Amino acid sequence: MAASPHTASSRLLTGWIGGCVWYLERRAMQQSPYKVMHLFQNVNEQWITFQHFTFLKRMYVTQLNRSLRQQVKPKSEPVASPFLEKTSSSQAKAEIYEMKPFSPSSLSLSRKPNEKELIELESASVIEGSIHVGKETQDEKRWKEMKLHVDHLPGVLARLSKIKLTALVVSTTSAGFALAPVPFDCSCFLLTSLGTGLASCAANSINQFFEVPFDSNMNRTKNRPLVRGQISPLLAVSFAACCAVPGVALLTWGVNPLTGALGLFNIFLYTCCYTPLKRVSIANTWVGAVVGAIPPVMGWTAATGSLDAGAFLLGGILYSWQFPHFNALSWGLREDYSRGGYCMMSVTHPALCRRVALRHCLALIALSTAAPVLDVTTWTFPAIALPINLYISYLGFRFYWDADRRSSRKLFFCSLWHLPLLLLLMLTCKRPPGQEGHKAEPQS
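**Some remarks on the side chain of Arg224**
Item 1. Along the polypeptide, Arg224 turns up in the loop between α9 (212–215) and α10 (225–228).
Item 2. Its relative accessible area of 17% is what places Arg224 among the buried residues.
Item 3. A polar contact of 3.0 Å, which involves the side chain of Arg224, links it to the side chain of Asp215.
Item 4. Ignoring sequence-local partners within four residues, the contact set of Arg224 consists of Lys162, Asn207, Gln208, Glu211 and Asp215.

**Re a nonpolar patch on the surface**
Item 1. Residues Phe209, Phe210 and Val237 make up a contiguous nonpolar surface patch of roughly 250 Å² in combined accessible area.
Item 2. Following the sequence through the fold, Val237 ends up in helix α11 (residues 233–255).

**Examining helix α17 (residues 350–373)**
Item 1. Taking 1.5 Å of rise per residue, 24 residues should cover 34 Å, and α17 covers 36 Å from first to last C-alpha, within 8% of that figure.
Item 2. Where α17 is concerned, the buried positions are Cys353, Arg354, Val356, Ala357, Leu358, His360, Cys361, Leu364, Ile365, Ser368, Ala371 and Pro372.
Item 3. At its buried positions, α17 is contacted by α13 (284–304), α14 (309–331), α16 (345–348), α18 (380–402) and α19 (405–428).
Item 4. Asp375, located one to two residues past α17, shows a positive phi value of around 60°.

**A few points about the confidence of the model for the protein**
Item 1. Summary statistics for the protein give a mean pLDDT of 78 and a share of 65% for residues scoring 70 or more.
Item 2. Low pLDDT, under 50, characterises residues 43–47; the stretch is placed with seven contacts to residues that sit more than four places away or in other chains.

**Observations concerning the environment of Asn256**
Item 1. Looking at the element boundaries, Asn256 is found in the loop between α11 and α12 (257–277).
Item 2. Look at Asn256 and you get buried, because its relative accessible area is 13%.
Item 3. Separated by 64 residues in the primary sequence, Asn256 and Thr192 place their C-alpha atoms 9.6 Å from one another.
Item 4. In this structure, Asn256 is in contact with Leu251, Thr301, Ala302 and Gly305, ignoring residues within four places of it in sequence.

**Things to note about the packing of helix α7 (residues 163–179) against α19**
Item 1. At their nearest, the axes of α7 and α19 sit 10 Å apart, and the two run at 15° to each other. Between α7 and α19, the crossing angle belongs to the class labelled roughly parallel. The chirality of how α7 crosses α19 is left-handed. Side by side, α7 and α19 meet where Leu168, Thr172, Ala175, Ala178 and Leu179 of the first sit next to Leu419, Leu423, Met426 and Leu427 of the second.
Item 2. Looking at the contact of α7 with α19 residue by residue, the class counts come to eight nonpolar, one polar and no charged.

**Describing the environment of Cys273**
Item 1. With respect to the helices and strands, the residue Cys273 is situated in helix α12.
Item 2. As a C-alpha pair, Cys273 and Gly288 span 15 residues in sequence and 8.9 Å in three-dimensional space.
Item 3. Among residues more than four places away in sequence, those in contact with Cys273 are Phe268 and Val287.

Reading the values: rules and limits
- Residues numbered from 1 in each chain as written.
- Predicted model: local features only at pLDDT ≥ 70, side-chain atom pairs only at ≥ 80, totals over all residues.
- Heavy atoms only, no water.
- Helix = DSSP H or I, 4+ residues; strand = E, 2+ residues; numbered from the N terminus.
- Buried < 20%, exposed > 50% of the residue type's maximum accessible area, 1.4 Å probe, protein only.
- Polar contact = N/O pair within 3.5 Å; in protein donor to acceptor, adjacent residues only side chain to side chain.
- Contact = heavy atoms within 4.5 Å.
- Patch = residues over 30% accessible without salt bridge, like charges linked within 9 Å, V, L, I, M, F, W, Y side chains within 5 Å.
- Areas by Shrake-Rupley, 256 points an atom, 1.4 Å probe, with all protein chains shown as cover.
- Salt bridge = Lys/Arg side-chain N within 4 Å of Asp/Glu carboxyl O.
- Expected span 1.5 Å × (residues − 1).
- pLDDT = per-residue confidence, 0-100.
- Axes fitted to C-alpha atoms, helices over the stretch in contact; angles between N-to-C directions.
- Parallel < 35°, antiparallel > 145°, perpendicular 65-115°, else oblique.
- Left-handed = near helix turned anticlockwise from the far one by under 90°.
- Nonpolar A, V, L, I, M, F, W, Y, C, P; charged D, E, K, R; others polar.

This is the structure we're talking about:
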């Protein structure tokens, strides 16, 4: 007859030790026969090990003292933290209603509160305050529709119309009007400036209306009024219409039809050609340069009523100036333009971007030299404008050679003061009306 496992294993050890082992095995098998059976299935083929002995000893100790057994402790329900962002407002409100904090008035005034009540009162007040703070934090982080106040409306509309860019457009128009070889007419000048400013506001507003989905992806334009929802698209379009209609009307009937036609054409070119072309081809930069070159031509036509060589000269100067200005600006915003999905030279053709900027910096020298030839200025102008033209050409060359952000920033900031100074020098060297650059031939 086969011996039982505990009898067989006890024969491996003799004497007092074997008896102890036999006793422990027997008690363990009686209390939990299925827990240790697998340890003794092959006991006839191997000696008892130290691990087996330790297990049997632990079983014996726990049988003698049941308080040493490991008991499963029920897991307490987690307390919802009021600072969790994902807690819904309804759950937070339910927690506030369920909690009944102690109030100082609930304590009896006839006796002094004990230490336990003070601790409960303090903890309840802390929990209530933390829930209130958590609710305020959730309200702050929750998206809210921005309400437009009447006091903020002028500032919002100024940012919608790009007031700084509009001011630059009006200043170049004023320069074209002042450089025209005719007597200065103050009323016509004011109507021209006002009409050009309104037309520029309308074009910029429509441009922002079309580019809302793309401006939201760019750090440079993500705070525009339409992107942030400060005004509705209907209000933006209505504002653009209220600027375009009287602006073109002032230029057409208050100044002359040619200037009004140029203003209307520029609005169309900026909103319907330049704006959609920014996402299609790098040709948008050249189209945008034409848009920027038209305002001084409008100033010239407002004063003279015709397109002369001087008008094209001023348009050429503004046309060439915009390439170093914008190419240097876009070089530092390549990641932004790429994220917004715009097709710019600095993103798709970086070498061409630098070459074009340098090319038009040098073109400014040639255009300044052509001013006295076309009887717009005296010969003093190309001489005194040569230093600043050489300096911007040098920065354009550094931008072309280095191709880094530092050189692009220097070129961009130089372009900001170069254009006003160049136009001011042209005004100081303006040829007086009626005076020609060459002597009239004597009549016989």
